[in-house]
Amino acid sequence: MGTGTGPPKMPRSPQRMSRTPVWPCSNPPHSPRARVAELCSLREGLSSPAGTWVRVLQVLGVSAALLLGCLSLTHLLGPAQPVEGPAGPQFAPHGAAQPPQDACSLALVESIPQDLPVTATNSSARPLAQAWLQLLDMAQESVHVASFYWSLTGHDIGVNDSSSQLGETLLQKLQQLPGRNVSLVVATSTTSLAPNSSDLQRLVAQGAQVRHVPLKKLTGGVLHSKFWVVDGRHIYVGSANMDWRSLTQVKELGVIIYNCSRLAQDLEKTFQTYWALGVPGPVLPSRWPRNFSSHINRFQPLREHFSGLPTTAYFSASPPALCPSGRTRDLDALLTEIGHAREFIYISVMEYFPTTRFQHPDRYWPVLDTALRTAAVSRGVHVRLLVSCWLNTDPSMIPFLRSLQALSNPKAGISLDVKAYIVPVGNHSNIPFSRVNHSKFMVTEQVAYIGTSNWSEDYFSSTAGVGLVLRQRAAGTQPQALTVQEQLRRLFERDWSSPYALGLDALAHSRDCVWRH
């Protein structure tokens, strides 16, 4: 698969950037300009004493005047460029351009499987497919996509179904981006999930850059993230894969944040960790270069007004090996927000296992399980857990859920309830790996958390994922506006009270995850 000749570039401003390089590629390798460019590359990580700079100058045989020129050039050259070195791919630091004035806003987005009319009502979320297509129409400079796998056409899985049309429309829009002078850059997992997919070949043929990240060899996991960064200003993050079934056959939940460059460019740093590892023979750095570091985290969240509402936000990431300095680990984000809850914790997730899932033999891992039990028993927090039940559910999950449910004791003030959500298969039995609630979110009275990971140990220790933590306060100037926590709570309660959400006692037996009227 083609990878392009260089790294993705982050837009410096909402205005279109010139596509003309600062230095022509035809420069002789030993020309002064080439030497300056080389010196700029060698600046990576050199925050050490002046003696280091002297050594660099000696190696290159350039004068201190050229060094000063390099420092100035950094601001002209703009975003980070990759430097392939013995320690693995890195990105040279660049000048910290001031972000343009933001006007941040957000919208929850969701997909409702076809023929699920009850769930489709009473929703404050926008249709995911519509929101994705509009994001592509808005793009002016760049679209960066982190994805687990690609399967946007029915042909990919040998299925001829009209519900694949939205995915095919999305693929056509993506193919048109390079022709509009919008760069399309993809970091995806090295996986055999969709071995016959031609999506990425078609995109590369149109000028897209693609890198496959061999995370299995590096951490033992996969790249399971699902997010977009558009023009360095707009963001999508959520549970949906780049799969037509995510638009019409699978229940998904995500969020789009518009015109929020500081948050978008922080998420871009996580994208760049993937991009840096998508080269031949990648090596995990023992310490990520400082330009990958985040200054937005659970201790110092972004503070903005989103559509008039005071908002704090930060991104978390997993696994720890892909968390440069300052980045909150995904597990730490969840544990922190569970620990802060005082009234309720509502969770919707496809799988819930207090064990490993992809290591054999399984290892017990009660970290999140203990946090929920502690919240319910020690603080009287009302905990609700909505877990998917479908044709591919591992029946060994059910005893763990029953164990949580057994702890509930209203007389003692302990409220810990569990339900299984079953999407009816109906007339769609010909479509594999569909008809499931794939959402991965948590909401408390204080925060909304929207993630990309299921809840078992591997997703936090070895698999790449991201989470977004949002907190909003009602504002006197916006008395009718609902906070994102309230919007997500209502979506959860809609699903919880749905006829497709069944108590564990309603399941005929542990293997019965097929909807029966």
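In this text the structure is predicted, and so the values were computed from the model without any measurement.

Colleague: Explain the side chain of Thr393 to me, please; I cannot follow it from the model alone.
Modeller: Mapping Thr393 onto the fold places it in the loop between strand 17 (382–388) and helix 13 (397–406). Residue class for Thr393 comes out buried when judged on its relative accessible area of 15%. At 2.8 Å, the side chain of Thr393 forms a polar contact with the backbone nitrogen of Trp390. If sequence neighbours within four positions are ignored, Thr393 has contacts with Ser388 and Cys513.

Colleague: Would you mind going over the pattern of salt bridges with me for this structure?
Modeller: A side chain of one charge can pair with a side chain of the opposite charge if their charged atoms are brought near each other. Per the counting criterion, the structure on display carries 16 salt bridges. For Asp137, the salt bridge goes to Lys173, with nearest N and O atoms at 2.5 Å. Linking Asp137 in helix 5 (residues 128–138) with Lys173 in helix 6 (residues 165–176), this pair joins segments that are 36 residues apart in sequence. Accessibility expressed as a relative area gives 45% for Asp137, which makes it partly exposed. Linked by salt bridges that have partners in common, Glu110, Lys251, Arg494 and Asp495 make up one network.

Colleague: Hey, could you run me through the sheet that holds strand 3 (residues 105–111) in this one?
Modeller: Note: strands within a sheet are paired through backbone hydrogen bonds, in either parallel or antiparallel orientation. Pairing within the open sheet is mixed, and its eight strands lie in the order 4-3-12-10-9-5-7-8. The open sheet has two free edges, formed respectively by strand 4 (126–127) and strand 8 (209–213), since each of these has just one partner strand.

Colleague: Mind showing me how you'd approach empty space enclosed by the protein here?
Modeller: Any space left empty among the atoms is revealed by the rolling of a water-sized probe across them. By the definition in use, this model includes one cavity of 30 Å³ or more. Every residue lining the largest cavity is listed: Trp132, Val145, Ala146, Ser147, Lys226, Phe227, Trp228, Tyr236, Ala240, Asn241 and Met242. Elements that contribute at least two residues to the lining of the largest cavity include exactly strand 5 (142–147) and strand 9 (227–230). With three residues, strand 5 is the single largest residue contributor to the lining of the largest cavity. Residues belonging to the lining of the largest cavity are distributed by class as follows: eight nonpolar, two polar and one charged.

Colleague: What is the right way to look at the pairing of strand 19 (residues 441–444) in this model?
Modeller: A regular strand places its side chains on the two faces of the sheet in alternate fashion. Residues Phe441 and Val443 of strand 19 are buried on one face, and the alternating residues Met442 and Thr444, pointing to the opposite face, are buried as well. Note that strand 16 (residues 344–349) and strand 19 share four bridges and pair antiparallel. Bridging from a neighbouring strand, Ser348 pairs with Phe441 of strand 19. Taken together, the three bridges between strand 19 and strand 20 (residues 448–451) define a ladder with antiparallel strand orientation. Of the residues in strand 20, the one forming a bridge with Phe441 is Ile450. Counted between consecutive antiparallel strands, the loop separating strand 19 from strand 20 contains three residues.

Colleague: Hey, could you run me through the packing of aromatic side chains in this one?
Modeller: Any two aromatic rings considered together are summarised by their centre-to-centre distance and by the angle between their planes. For the coordinates displayed, the defined rule picks out 17 aromatic pairs. Here the aromatic rings of Phe344 and Tyr346 are separated by 4.6 Å at their centres, their planes lie at 35 degrees, and the arrangement is tilted. Across the pair, Tyr346 and Phe344 agree in class, each one buried. The interplanar angle of 70 degrees and the centroid separation of 5.9 Å between the aromatic rings of Phe358 and Tyr459 together place this pair among those described as edge-to-face. One end of the pair, Phe358, is in the loop between strand 16 and helix 12 (367–378); the other, Tyr459, is in helix 14 (residues 457–461), and 101 residues separate them in sequence. Judged by its relative accessible area of 48%, Phe358 falls in the partly exposed class. On the basis of relative accessible area, Tyr459 is assigned to the buried category, the value being 7%. Through successive ring pairs, a cluster of aromatic residues spans Phe344, Tyr346, Phe441, Phe492 and Trp496. The cationic tip of Arg357 hangs over the ring face of Phe353; the distance from NZ or CZ to the ring centre is 4.0 Å.

Colleague: It is not clear to me how the packing of helix 5 against helix 6 should be interpreted in this structure. Could you clarify?
Modeller: For any two helices packed against each other, the geometry is given by the interaxial angle and the distance between the axes. Remark: helix 5 packs on helix 6, axes separated minimally by 10 Å, with the N-to-C direction vectors making an angle of 10 degrees. If you check the angle between helix 5 and helix 6, you find them roughly parallel. Packed against helix 5, whose contacting residues are Ala129, Trp132, Leu133, Leu136 and Asp137, the element helix 6 presents Leu166, Thr169, Leu170, Lys173 and Leu174 at the interface. Looking at the contact of helix 5 with helix 6 residue by residue, the class counts come to seven nonpolar, one polar and two charged.

Conventions we followed
- Residues numbered from 1 in each chain as written.
- Predicted model: local features only at pLDDT ≥ 70, side-chain atom pairs only at ≥ 80, totals over all residues.
- Heavy atoms only, no water.
- Helix = DSSP H or I, 4+ residues; strand = E, 2+ residues; numbered from the N terminus.
- Buried < 20%, exposed > 50% of the residue type's maximum accessible area, 1.4 Å probe, protein only.
- Polar contact = N/O pair within 3.5 Å; in protein donor to acceptor, adjacent residues only side chain to side chain.
- Contact = heavy atoms within 4.5 Å.
- Salt bridge = Lys/Arg side-chain N within 4 Å of Asp/Glu carboxyl O.
- Pairing = 2+ DSSP bridges.
- 1 Å grid on protein atoms, 1.4 Å probe; cavity = no way out; pocket = protein on both sides within 12 Å on 5 of 7 lines; lining within 4 Å.
- Points joined across faces, edges and corners; volume = space filled by probe spheres on them.
- Nonpolar A, V, L, I, M, F, W, Y, C, P; charged D, E, K, R; others polar.
- Phe/Tyr/Trp six-rings, centres within 6.5 Å; stacked < 30°, edge-to-face > 60°.
- Lys NZ or Arg CZ within 6 Å of the ring centre and 35° of its normal.
- Axes fitted to C-alpha atoms, helices over the stretch in contact; angles between N-to-C directions.
- Parallel < 35°, antiparallel > 145°, perpendicular 65-115°, else oblique.

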